[in-house]
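# An overview of the molecular structure
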Amino acid sequence: MARQRLGQHFLADIDWREQIARAIGVSLHSSLHSEPALAESYCWIEVGAGHGEMTEHLASTGAPIYAVEFDAQLANRLQKLAKKIPNLTVVQGDILETDLAALAAGRRIRLYGNLPYYITSPILHHFFLFADRVDEIHIVIQEEVADRLAAKPKNKEYGYLSVVTQLYTRPEIVLRIPRNAFSPPPEVDSALVTLRLPGDRAKLHLRDELAFLDFVKLCFSQKRKTLVNNLRSLANPSRIREVLAAQKLRPDARAEQLTVVQFATIHAALADAI
C-alpha cells in the first residue's frame, strides 16, 4: 500500500511504463540497448524504485543500476528482485543524503525517478550538485512543475526553478501522463521530463554558482516588483538601471523577462560594482 506521508503514487499502468521506457531508451523490448563496453562506462541511479515498476527496464540495458528507496519495506521487496538481476543493487536510504558520485564509483550517471511531488525541487537541487558527473535525468513529476522547468522567459510559469534547471540542463517535456496511470491516482496529472546536461552553465563559467543562485532568487523574490526594486539591497538603483540598459532592457524590467545568460551578465556586472 502507498504511504501518503511519503507521497507514494506507483506507476501501475503497464502501457505507460512501456511508453516511458521507450522514451528514455530502456525498454525491455527495445533493440537499441548499449554495447557491453558502453554499458560499463555509466550507471543508472533510480530514485524511489517502489515495487520495481521501472527497475527491470533500467536493468535490461546491462549497465549497473542502483535502486535508491527510502521506504524500508519496499527496499526489502526490491532485494528479492536483485537476486534475479545481477546488475541491480538496492540502496535503502534518503536520496537527499546519498552521495551519487560515490555510488557511481567513477562511472557517468543517468538518473530516473518517479518523484514525490512535495519534494521535487530539493531532489533536483541535490542532483545538480553532481552535474559534472551526470549525463541525463529522466523524472516523472507533477505536470505543473514540469511546465515550470521547461518555461521560457516572458511566460507566467517562468521563475527561479526554471532558471536553475536551465542553468544545469536542457529540459524537454517528453510525455504527459494522466493521473489514472498511477495507484493510488494523484490529484493532478504528471509528465515525464528529460533533462540533458550540460545546460547554459557550460558556456557561462560562473565564478561563484551559489552566489549566482542567491542572486537569481533575490531577483524573483517579489515577482510583481521590478529588478531595480528587488535588487536595492545589492546596489544603488541608478547602477542597476545602467546595467539593465547595457543589456538593452527597460528600467522597469522584471525577472521573468530575463534569460539565464542575462541573469549571469547582470550578476557579474553588479558584483564588480560592489
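The paragraphs below set out a description of the structure included in this document. Source: prediction; values computed, not measured.

### Things to note about helix H12 (residues 237-246)
Residues separated by three or four positions in an α-helix point in the same direction, a consequence of the helix having 3.6 residues per turn. Of all the residues in H12, the buried ones are Pro237, Ile240, Val243 and Leu244. The buried residues of H12 occupy one face: seen down the axis, they fall within an arc of 120°. Positioned one or two residues after H12, Lys248 has a phi angle of 60°, which is positive.

### Digging into the packing of aromatic side chains
Under the counting rule described, the total for this entry stands at three aromatic pairs. Considering the side-chain rings of Phe128 and Tyr168, the 4.9 Å spacing of their centres and the 20° angle between planes classify their relative orientation as stacked. Placement of Phe128 in helix H6 (residues 120-128) and of Tyr168 in helix H8 (residues 160-168) is noted, with a sequence separation of 40 residues between them. A relative accessible area of 5% means that Phe128 is categorised as buried. Among the aromatic residues, those joined into a ring-pair cluster are Tyr158, Phe220 and Phe263. Between Arg110 and the ring centre of Tyr42, over which it is positioned, the NZ or CZ distance is 3.7 Å.

### Points about the sheet that holds strand S3 (residues 65-69)
As a general point, the strands of a sheet are linked pairwise by backbone hydrogen bonds and lie either parallel or antiparallel. Pairing is mixed in the open sheet, where seven strands are placed in the order S4-S3-S2-S5-S6-S9-S7. Because the sheet does not close on itself, it has two edges, and the strands there are strand S4 (88-92) and strand S7 (170-177). Pairwise comparison of adjacent strand axes, ignoring direction, gives a mean angle of 15° for this sheet. Here five bridges tie S3 to S4, and the two strands are oriented parallel to one another. Each bridged residue has a counterpart across the sheet, and for Ile65 the counterpart in S4 is Leu88. Here helix H1 (residues 14-23) sits on the sheet in contact with strand S5 (108-114), strand S6 (134-142), S7 and strand S9 (190-196), set at roughly 160° to S7. Its contacts with the sheet place helix H7 (residues 143-150) against S6, S7 and S9, and it is angled at close to 140° to S6.

What counts and what doesn't
Residues numbered from 1 in each chain as written. Predicted model: local features only at pLDDT ≥ 70, side-chain atom pairs only at ≥ 80, totals over all residues. Heavy atoms only, no water. Buried < 20%, exposed > 50% of the residue type's maximum accessible area, 1.4 Å probe, protein only. Helix = DSSP H or I, 4+ residues; strand = E, 2+ residues; numbered from the N terminus. Arc of directions from axis to C-beta. Phe/Tyr/Trp six-rings, centres within 6.5 Å; stacked < 30°, edge-to-face > 60°. Lys NZ or Arg CZ within 6 Å of the ring centre and 35° of its normal. Pairing = 2+ DSSP bridges. Axes fitted to C-alpha atoms, helices over the stretch in contact; angles between N-to-C directions. Contact = heavy atoms within 4.5 Å.

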